[in-house]
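So the chains spell out like this:
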Amino acid sequence: MEKLPKLYLSILLIVLIFSCTENSNLSKTERRALAEKTYNEAVKFRQGSTAFQNGIVDALAIDPEYEQGVYELSVAHLKRGMPHKWLPQYNKAVVLDSAYRIPWRGYLYLWFYRDYKKAIADFDASDTLTPNFIDAPQGHSVDYWRGIAYLGLKDYKNSIAYFEKHIKKETEEFGEDYVDLNAFLYNGIAYYESGNIEKALQDYEVGYNNKRAYVETLRQLYYDDLLELKTEINKL
């Protein structure tokens, strides 16, 4: 019985060697196609599962420069709160596609690690990488995300400037009704915290409450906060 694990490992090693030899004979286009096929089979499994992660590793063994696979391998580490594993892997994707991955890295710094300065640095870098295009990771412009990052730093002047730049551009291109209401909400918060109550109220009339999946939203309110507020009001 003790020989079975050794036999299994020997067979697995032979299969891997044969596979590597076989793949080395493929053209670059053929390797990419095979890597994509292997990746697409892997992502049928639950994200971060052993089958998922190992399948992506297999895809990258075929084509180490398959950027989507390089990126996806980092995601499970990010969601598990393991920056020491997430960032080095993610940065490999940055090398392969800087223009796309850098603004996204800023978004991840912002929401998963609340590293506002690094987030702003990446959003600023995206302006240099794509000077004629405003990047929009996760569906919002980098101006919107910069507004939130500066709010996190309590730099209200820059926060308001970027929110209003975002709102102005979206309004001119699509109409005010299509501007995400959170832009007004956060702009109102920035005005309120900077002491401009009148401007804050104007934005609050347009904005509404906000919540996010995976991470706590900025300036999150909880039920206990409302109970505390009610208690304070009753004391008046």
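With phi around 50 degrees, Arg114 is a residue other than glycine that occupies positive phi space. Tracing the backbone shows Arg114 in the loop between α6 (98-112) and α7 (116-129). A relative accessible area of 25% places Arg114 in the partly exposed class. Phi at Gln138 takes a positive value of approximately 55 degrees, unusual for a residue other than glycine. Relative to the assigned elements, Gln138 resides in the loop between α7 and α8 (142-152).

Attention now moves to the pattern of salt bridges. Tallying each qualifying case throughout the model produces eleven salt bridges. Between Arg146 and Asp127 there is a salt bridge, with its nearest N and O atoms 2.8 Å apart. Taken together, the residues Arg146 in helix α8 and Asp127 in helix α7 connect sequence positions 19 residues apart. Look at Arg146 and you get buried, because its relative accessible area is 1%. Note on Asp127: relative accessible area 31%, which makes it partly exposed.

This brings us to the side chain of Asp122. Turning to its location among the elements, Asp122 is positioned in helix α7. Among the polar contacts listed, one links the side chain of Asp122 to the side chain of Arg105, at a separation of 2.8 Å.

This part is about helix α4 (residues 67-79). Given a rise of 1.5 Å per residue, 13 residues ought to cover 18 Å, and the 19 Å separating the end C-alpha atoms of α4 matches this to within 8%. Buried residues dominate α4, accounting for eleven of its 13 residues. Among the residues of α4, those classed as buried are Glu67, Gly69, Val70, Tyr71, Glu72, Leu73, Ser74, Val75, Ala76, His77 and Leu78. Those residues of α4 that are buried lie in contact with α2 (28-42), α3 (50-62), α5 (83-96) and α6. One or two steps after α4, the chain reaches Gly81, where phi turns positive at roughly 70 degrees.

This part takes up the environment of Ala200. Along the chain, Ala200 turns up in helix α11 (residues 197-204). Taking the relative accessible area as the measure of exposure, Ala200 reaches 1% and is therefore buried. Considering only alpha carbons, one finds Ala200 and Asn187, 13 residues apart in sequence, at a separation of 7.4 Å. Other than its neighbours up to four places away in sequence, Ala200 contacts Gly188, Tyr191 and Tyr192.

Judged by nonpolar contacts, the single largest core of 53 residues is most densely connected at Leu110, Trp111, Trp145, Ile148 and Tyr186. If we ignore the near neighbours within four places in the chain, the residues touching Leu110 are Tyr116, Ala119, Trp145, Ile148 and Ala149.

Okay, a nonpolar patch on the surface next. Taken together, the side chains of Tyr192, Ile197, Leu201 and Tyr204 present a nonpolar region at the surface, about 390 Å² in accessible area. Among the elements that line the nonpolar patch, the one with the most residues is α11, at three residues.

Looking now at the packing of α3 against α4. A packed helix pair is summarised by two numbers, namely the angle formed by the two axes and the spacing between the axes. Running from N to C, α3 and α4 cross one another at 155 degrees; their axes reach a closest spacing of 9 Å. Taken together, the axis directions place α3 and α4 in an arrangement best described as roughly antiparallel. Judged by the twist between their axes, the crossing of α3 over α4 is left-handed. On α4, the residues touching Phe52, Gln53, Ile56, Val57 and Leu60 of α3 are Gly69, Val70, Glu72, Leu73, Ala76 and His77.

Cut-offs applied
- Residues numbered from 1 in each chain as written.
- Predicted model: local features only at pLDDT ≥ 70, side-chain atom pairs only at ≥ 80, totals over all residues.
- Heavy atoms only, no water.
- Helix = DSSP H or I, 4+ residues; strand = E, 2+ residues; numbered from the N terminus.
- Buried < 20%, exposed > 50% of the residue type's maximum accessible area, 1.4 Å probe, protein only.
- Salt bridge = Lys/Arg side-chain N within 4 Å of Asp/Glu carboxyl O.
- Polar contact = N/O pair within 3.5 Å; in protein donor to acceptor, adjacent residues only side chain to side chain.
- Expected span 1.5 Å × (residues − 1).
- Contact = heavy atoms within 4.5 Å.
- Core = buried A, V, L, I, M, F, W, Y, C linked by side-chain atoms within 4.5 Å.
- Patch = residues over 30% accessible without salt bridge, like charges linked within 9 Å, V, L, I, M, F, W, Y side chains within 5 Å.
- Areas by Shrake-Rupley, 256 points an atom, 1.4 Å probe, with all protein chains shown as cover.
- Axes fitted to C-alpha atoms, helices over the stretch in contact; angles between N-to-C directions.
- Parallel < 35°, antiparallel > 145°, perpendicular 65-115°, else oblique.
- Left-handed = near helix turned anticlockwise from the far one by under 90°.

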